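# Coordinate inspection notes
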Amino acid sequence: MAAKSNILEVSDLKTHFFTEQGVVPAVDGVSFQIKRGGTLGVLGESGCGKSVTGFSILRLVRPPGEIVAGQIRYYGRDTVNGDDLAQIDATSEEMRQMRGSEIAMVFQEPMTSLDPLFTVGNQIMEAILYHQDVSKAEARKIAIEMLDKVRMPQPREMIKKYPHQLSGGMRQRVMIAMALSCRPKLLIADEPTTALDVTTEAQILELMRELQEELGMAIMFITHDLGVIAEMAEEVAVMYLGKVVEQSDIESLFTDPQHPYTKALMQSIPKVGQKADGRLETIRGMVPSPRNIPTGCPFHPRCASFLQGICDTELPQLKQSKPGHWVSCFLYEDGNAGHSSTPPPAPPQSIGEG
Amino acid sequence: MVDEGRVVLKVQNLKKYYPITAGLLRRVVGHVKAVDDVTFSIPERTTLGLVGESGCGKTTAAHTIMRGLEPTGGKVVFHDRQLGAVDLATADKDTLYQVRRNMQMVFQDPNSSLNPRMTLLDLIGEPLLVYKQAKGQELVDRVAELLKHVGLRPEYMRRFPHAFSGGQRQRIGIARALALNPQFIVADEPTSALDVSIQAQTLNLLQDLQDEFSLSYLFIAHDLSVVEHISDFVAVMYVGKLVEHADTRRLYHNPKHPYTEALLSSIPRPDPTTSKRRVPITGELPDPANPPQGCYFHPRCPYAEALCTHEEPPLQEVEPGHYAACHFADKLSLRGVNDF
Ligand SMILES: Nc1ncnc2c1ncn2[C@@H]1O[C@H](COP(=O)(O)OP(=O)(O)OP(=O)(O)O)[C@@H](O)[C@H]1O
Ligand SMILES: Nc1ncnc2c1ncn2[C@@H]1O[C@H](COP(=O)(O)OP(=O)(O)O)[C@@H](O)[C@H]1O
Ligand code: SF4
Ligand code: SF4
Ligand SMILES: [Mg+2]
Ligand SMILES: [Mg+2]
């Protein structure tokens, strides 16, 4: 059998937090695939479950959080049948090896993931020594090479520096160097440029594209920024309240957005270079608390196209509205609006292979 | 600098230096010139956007203008409704107290700028009490009115800020700033911590309030799309200095400073067909304690020539109302926001 064309297939993933105040369904039936060497953008406002999805894949969700359903099939090691990461013990040696050498992650705030007491060189070397059978001297050489790869000026000097001696952009480069030092096949980048200036952001995005081309890794790029997603992603999954509400290739998403939430998001941002005097379009209300998710379509209290009697009672499912474009909204179901007998509420189905 | 209509604020050669000390005796060995010779003015009922990379001195400039920080030099002439022209940089305590009714600030982080132990009534009512504008039932009525203005329900006034979302807390901060009916508001990254959909609501609110109360804004932000949308004029800062200042249209479409061009080129565009074409600026922001000789931007500037490495360019009027600090401002033909 031939190797899968996807590196990752997530289907019906549910990660819930069992807190004292009740259950938080942070990720609630998420499905998507990432192609080998491709880039999936995950777009959504804060709290919609982007980070928890990333942490779930790496099995870094800690109690009271738990994966309660779904599969995370990773085709990097066993390229034909894949491994279901959801079934591997999160604390096992196997999973620890998986993190870093197969799948690596870069976080929004590099300061919280770098140890202030060790030099950046030490930290990169440690990651290398953990995953690769090399000597300390070789690890040091790789560390310098990686820093050079992420365009750190004077990498030989840089490895002696402590994190607080570096700017935000430099620290993010260190994080990327560390994440890529073991040549992962999948990189999960969680808002890697959100804390940076536009100029530094542009540099880091450019760098990530170049390294992806050179190393051939796939990227899951998490962001709330429509500009960044347009620049980085080939495929996009739009999340709202723990669910994927729309998924398509990047061109189709921008030229023909379908879900009312996606459309509203696109209209609510000011378009640079097109200054107009008027007001911005807004989405009414705000994202509800995940402890208190609305019935039916979770977007219905804010939706301008809301269909009374349908949207507030039934859960729309992710369905293909046109080739390669998936949306979970009753406006796009066969025969369109107006009927209320079908479909019965069911968990969102996984997407077929795209 | 701008002579259209009346000016609410005129900042002239404003400086704020922080001493760098060394050794046991804390000898001053140098200065961080966080704000260095900044000059601009804001016409009534307009918005000046202030942009620049992190650490370039935007917040320091704002606090020095408000006299939250003592200026090292320069003038800040505020045209107070009651008192007329006042130089805030040298004003005495009593004058400052009176002027502060008319100038207010809105902060980036609505969580840390609101006292968690005060109810909305206390928070928004405080300035009214301090300036003896209202008390008792009248105070309650005024707070209710203010809450309505910013789109919050008056019934919420006995609640504490933690019961509100980030966007709602920003509205609370705006209501508090509006309490004394000011002329001028400094908003330092007021939407940076907010979600896209809430950002749009907040920007609309700020614009509506500007029309309703004839407000002028100094609007600090790093998001260049937001700044373009809200601002009538834009000033670009680099390592403590203004490098360009013009009306929004000209600054975005016909920039005169290479740094502005670089900023515009870096903006991620929400359009997959036009992106990936830009040339990102190289290098890093210099250490403000030890800036380069000549033009501060020369190590990163693609147009730098020998002159730039030793001679500092002054901020000059390149075209009427368009100021730039570049030796070659009138010779270079730089790309605007839609040329990338
Ligand atoms: N109390 C202080 N002592 C010494 N240096 C300071 C002090 N406060 C600020 N600075 C320095 O002054 C410069 C300007 O800082 P400021 O906070 O004004 O930047 P900013 O433009 O508002 O940045 P950001 O976009 O990150 O908010 C920086 O180099 C900063 O390190
Ligand atoms: N440790 C936790 N305990 C309880 N709830 C959590 C925890 N971590 C995340 N959540 C909740 O899960 C939801 C999704 O969070 P997250 O994935 O971080 O959002 P995003 O990355 O999209 O901003 C949020 O409502 C958040 O409050
Ligand atoms: S299902 Fe109904 S409420 Fe939900 S997005 Fe579609 S139209 Fe709006
Ligand atoms: S003065 Fe020289 S270095 Fe400075 S911006 Fe102009 S061309 Fe560039
Ligand atoms: Mg997150
Ligand atoms: Mg600041």
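Residues numbered from 1 in each chain as written. Chains lettered and ligands numbered in written order. Predicted model: local features only at pLDDT ≥ 70, side-chain atom pairs only at ≥ 80, totals over all residues.

### Observations concerning the overall build of chain B
- Regarding its fold elements, chain B presents 10 helices and 12 strands.
- Scaling as 2.2 N^0.38, a compact globule of 340 residues should have a C-alpha radius of gyration of about 20 Å, and chain B matches this with 21 Å.
- Along the three orthogonal principal directions, the C-alpha set of chain B runs to about 70 × 55 × 45 Å.
- Split into buried and exposed, the 340 residues of chain B put 49% on the buried side.
- Residue pairs at least 24 apart in sequence account for 64% of intrachain contacts in chain B once pairs closer than 6 positions are excluded. (Helix = DSSP H or I, 4+ residues; strand = E, 2+ residues; numbered from the N terminus. Rg over C-alpha atoms; globule rule 2.2 N^0.38 Å. Buried ≥ 20, exposed ≤ 12 C-beta atoms within 10 Å, placed from the backbone. Contact = placed C-beta atoms within 7 Å.)

### Focus: the overall build of chain A
- For chain A, the count of helices and strands is 11 helices and 12 strands.
- A buried classification covers 51% of the 354 residues belonging to chain A.
- Restricting the contact set of chain A to residue pairs at least 6 apart, pairs at least 24 apart contribute 67%.

### Overview of the interface of chain A and chain B
- At the interface, 35 residues of chain A touch 39 residues of chain B.
- When contributions to the side of chain A that touches chain B are tallied by element, the ones reaching two or more residues are α8 (198-215), α9 (226-232), α10 (250-255) and α11 (260-268) of chain A.

### Here we look at helix α4 (residues 120-131) of chain A
All names here are of chain A.
- Under the 1.5 Å per step criterion, the end-to-end length of α4 is 17 Å for 12 residues, consistent within 8% with the ideal 16 Å.
- Among the residues of α4, Val120, Gly121, Gln123, Ile124, Met125, Ala127 and Ile128 are the ones counted as buried.
- Residues of α4 that are buried in the fold lie against α2 (93-102), α5 (136-149), α6 (155-158) and α7 (168-180). (Expected span 1.5 Å × (residues − 1).)

### Concerning the site of ligand 1
All names here are of chain B.
- Taken together, 13 residues lie around ligand 1, and Ala34, Ser54, Lys58, Thr59 and Thr60 are the ones closest in.
- At the level of secondary structure, the elements contributing two or more residues to the shell around ligand 1 comprise β2 (27-43) and α1 (58-65).
- The leading source of residues in the shell around ligand 1 is α1, at 3 residues.
- For the shell around ligand 1, the residue count by class is 5 nonpolar, 7 polar and 1 charged. (Near = placed C-beta within 6 Å. Nonpolar A, V, L, I, M, F, W, Y, C, P; charged D, E, K, R; others polar.)

### Considering the confidence of the model for chain B
- Put simply, chain B has an average pLDDT of 92, and 97% of its residues get 70 or more.
- Predicted complex, confidence summary: ipTM 0.87, pTM 0.89. (pLDDT = per-residue confidence, 0-100.)

### Examining the sheet that holds strand β4 (residues 73-80) of chain B
Residue and element names in this part refer to chain B.
- On the basis of which strands lie adjacent, the open sheet formed by 4 strands has the order β2-β1-β4-β5 and antiparallel pairing. Of all the strands in the sheet, just β2 and β5 (84-87) have a single pairing partner and so form its edges. Strand-to-strand twist of the sheet, defined as the mean angle between neighbouring strand axes without regard to direction, takes the value 20°.
- With 13 bridges joining them, strand β1 (residues 7-22) and β2 adopt antiparallel strand pairing. The partner of Lys10 across the bridge, within β2, is Ser41. (Pairing = 2+ DSSP bridges. Axes fitted to C-alpha atoms, helices over the stretch in contact; angles between N-to-C directions.)

### Quick notes on the sheet that holds strand β10 (residues 241-247) of chain B
All names here are of chain B.
- With mixed pairing, the 8 strands of this open sheet are ordered in space as β6-β7-β8-β3-β9-β10-β12-β11. The two strands at the open ends of the sheet, each matched to only one other strand, are β6 (103-106) and β11 (316-319). Across the sheet, the axes of successive neighbouring strands diverge by a mean angle of 20°, strand direction being ignored.
- In the sheet, strand β7 (residues 184-188) pairs with strand β8 (residues 216-220) via 5 bridges, with the strands oriented parallel.

### Here we look at the site of ligand 4
- Taken together, 13 residues sit near ligand 4, with Cys295, His298, Cys301, Cys308 and Cys326 of chain B positioned nearest.
- Across the shell around ligand 4, the residue classes break down as 10 nonpolar, 3 polar and no charged.

### Considering the nonpolar core
- If you look at the biggest cluster of nonpolar residues, it comprises 198 residues, and the most contacted ones within it are Leu186 of chain A together with Phe219 and Val236 of chain B.
- No other element matches α7 of chain A, which puts 8 residues into this core.
- For this core, the domains that each give at least three residues are domain 1 (6-240) and domain 2 (243-269 + 282-332) of chain A. (Core = buried A, V, L, I, M, F, W, Y, C linked by C-beta atoms within 7 Å. Domains from an automatic or database assignment.)

### Structural notes on the environment of Met175 of chain A
- Take Met175 of chain A: it is sitting in helix α7.
- Between the C-alpha atom of Met175 of chain A and that of Val150 of chain A, which follows or precedes it by 25 residues, the distance is 9.7 Å.

### With respect to unusual backbone geometry
- Pro63 of chain A connects to Pro64 of chain A through a cis peptide bond whose omega is 10°.
- Positionally, Pro64 of chain A belongs in the loop between α1 (50-57) and β4 (65-74).
- Although it is not a glycine, Asn13 of chain B sits at a positive phi angle of roughly 50°.
- Considering the arrangement of structural elements, one finds Asn13 of chain B in strand β1.
- Looking at Asn13 of chain B, the number of C-beta atoms within 10 Å reads 13, which means it is partly exposed.
- A positive phi angle, close to 50°, is found at Arg26 of chain B, a residue other than glycine.

### Things to note about the domain arrangement of chain A
Residues and elements named next belong to chain A.
- The domain architecture assigned to chain A consists of domain 1 (6-240) and domain 2 (243-269 + 282-332).
- Between domain 1 and domain 2, the C-alpha centre-to-centre distance is 27 Å.
- Counting from both sides, the interface comprises 23 residues of domain 1 and, opposite them, 23 residues of domain 2.
- Broken down by element, the side of domain 1 that touches domain 2 gets its largest block of residues, 9 residues, from strand β2 (residues 22-35).
- Classifying every residue of the side of domain 1 that touches domain 2 by side-chain character gives 14 nonpolar, 5 polar and 4 charged.

### Points about helix α4 (residues 136-149) of chain B
All names here are of chain B.
- If you check α4, its first and last C-alpha atoms are 20 Å apart, about what 14 residues at 1.5 Å a residue would give, namely 20 Å.
- Of all the positions in α4, only Val143, Leu146 and Leu147 are classed as buried. Along α4, the residues classed as buried sweep out an arc of 100° about the axis, all on the same side. Away from its buried face, by an angle of more than 90 degrees, α4 presents the exposed residues Gln137, Glu138, Asp141 and Lys148.
- Here the buried face of α4 lies against α3 (120-130) and α5 (166-178). (Arc of directions from axis to C-beta.)

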